[in-house]
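Below, each chain spelled out in residue letters.
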Amino acid sequence: MAQPTAEVRDARRRLRRLRAAVAGEERLAAGRAICRTLERLPVFRRGARVALYLPMRGEVDLRPSLLSAWRRGITVFVPRIVNRRRGRMSFVPWSPGAAERRNYYGIAEPAGALAQEPALHLDAVVLPVVGFDRQGNRLGMGAGYYDRALRRRRDPARRWRRPLLVGVAFACQELPAIPASPWDVPLDLIVTEQGPIVPARRPSARNDR
């Protein structure tokens, strides 16, 4: 997530409008194409531990993939805010028909006492983005919840990379370049209705991981 400059804020507003403008049959078709691509990824396998998300208004709706993953025997997680003042979230188990509540932002999340799972215990985290570029940089909503939850992915002492980070967006949300901040955690893959995009990593980005 880039620094909150005036330019970044303008880009975020513009991209949210573009995302919202994908409507009707076009949105449904794009969502189906994105879900199909996600469900073909090798990480979507029985026994895997995968975090997806419950969409807020405008985001790509992945609820069909949540249900498909659960039916395949994947352990499905979704985000839940655990401390809004500190901008902290964790991942909790999801299953069809489980009780939900709306958080401060109006986003659905599982209700009740559920075990929290840190991101590093998951095989993949699929997250919504407001904007992305082909280096794997992303614009989020601006609150930094995912960056905090995933910050240990930037630890240079770690020799293995988990979870796989998959950004989801419509193709119209692509930007030529997004300036990265030191705390940003780059995406490993972006999925749009046009298919998967594998980021072209710069040497410096590889050394930071």
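Notes on the structure follow. Treat the numbers as computed from the prediction; the structure is a model and nothing was measured.

1. Here we look at the packing of aromatic side chains
Here the distance between the centres and the angle between the planes together describe a pair of aromatic rings.
(1) Moving on: Applying the stated rule across the entire model yields two aromatic pairs.
(2) Moving on: Between Tyr104 and Tyr105, the aromatic rings sit 5.2 Å apart at their centres with planes inclined by 90 degrees, giving edge-to-face as the arrangement.
(3) Moving on: Both rings, one in Tyr105 and one in Tyr145, keep their centres 5.9 Å apart while their planes meet at 80 degrees; by these two values the pair is edge-to-face. Note that Tyr105 is positioned in the loop between β4 (100–102) and β5 (108–110) and Tyr145 in helix α4 (residues 145–149), a separation of 40 residues in sequence.
(4) Moving on: Taking relative accessible area as the criterion, Tyr105 reaches 36% and is therefore assigned partly exposed.
(5) Moving on: When its relative accessible area of 10% is taken as the criterion, Tyr145 is described as buried.
(6) Moving on: Among the aromatic residues, those joined into a ring-pair cluster are Tyr104, Tyr105 and Tyr145.
(7) Moving on: A cation over a ring is seen here: Arg84 above Tyr104, with NZ or CZ 3.6 Å from the ring centre.

2. Considering the side chain of Asn137
(1) Moving on: Looking at where Asn137 falls in the secondary structure, it is placed in the loop between β7 (131–132) and β8 (138–139).
(2) Moving on: In this structure the side chain of Asn137 is engaged in a polar contact, spanning 3.3 Å, whose partner is the backbone oxygen of Ile178.

3. Re the packing of helix α2 (residues 24–39) against helix α3 (residues 63–71)
Axes are the key here: two packed helices are described by the angle between their axes and the distance separating the axes.
(1) Moving on: Across the interface, α2 lies against α3 with an axial gap of 9 Å and an inter-helix angle of 30 degrees. The pairing of α2 with α3 is recorded here as roughly parallel in orientation. Every pair of crossing elements has a handedness; the one defined by α2 and α3 is right-handed. On the side of α2, the interface is formed by Cys35, Leu38 and Glu39, while α3 contributes Pro64, Ser65 and Ser68.
(2) Moving on: Here the residues of the contact of α2 with α3 sort into three nonpolar, two polar and one charged.

Cut-offs applied
Residues numbered from 1 in each chain as written. Predicted model: local features only at pLDDT ≥ 70, side-chain atom pairs only at ≥ 80, totals over all residues. Heavy atoms only, no water. Phe/Tyr/Trp six-rings, centres within 6.5 Å; stacked < 30°, edge-to-face > 60°. Helix = DSSP H or I, 4+ residues; strand = E, 2+ residues; numbered from the N terminus. Buried < 20%, exposed > 50% of the residue type's maximum accessible area, 1.4 Å probe, protein only. Lys NZ or Arg CZ within 6 Å of the ring centre and 35° of its normal. Polar contact = N/O pair within 3.5 Å; in protein donor to acceptor, adjacent residues only side chain to side chain. Axes fitted to C-alpha atoms, helices over the stretch in contact; angles between N-to-C directions. Parallel < 35°, antiparallel > 145°, perpendicular 65-115°, else oblique. Left-handed = near helix turned anticlockwise from the far one by under 90°. Contact = heavy atoms within 4.5 Å. Nonpolar A, V, L, I, M, F, W, Y, C, P; charged D, E, K, R; others polar.

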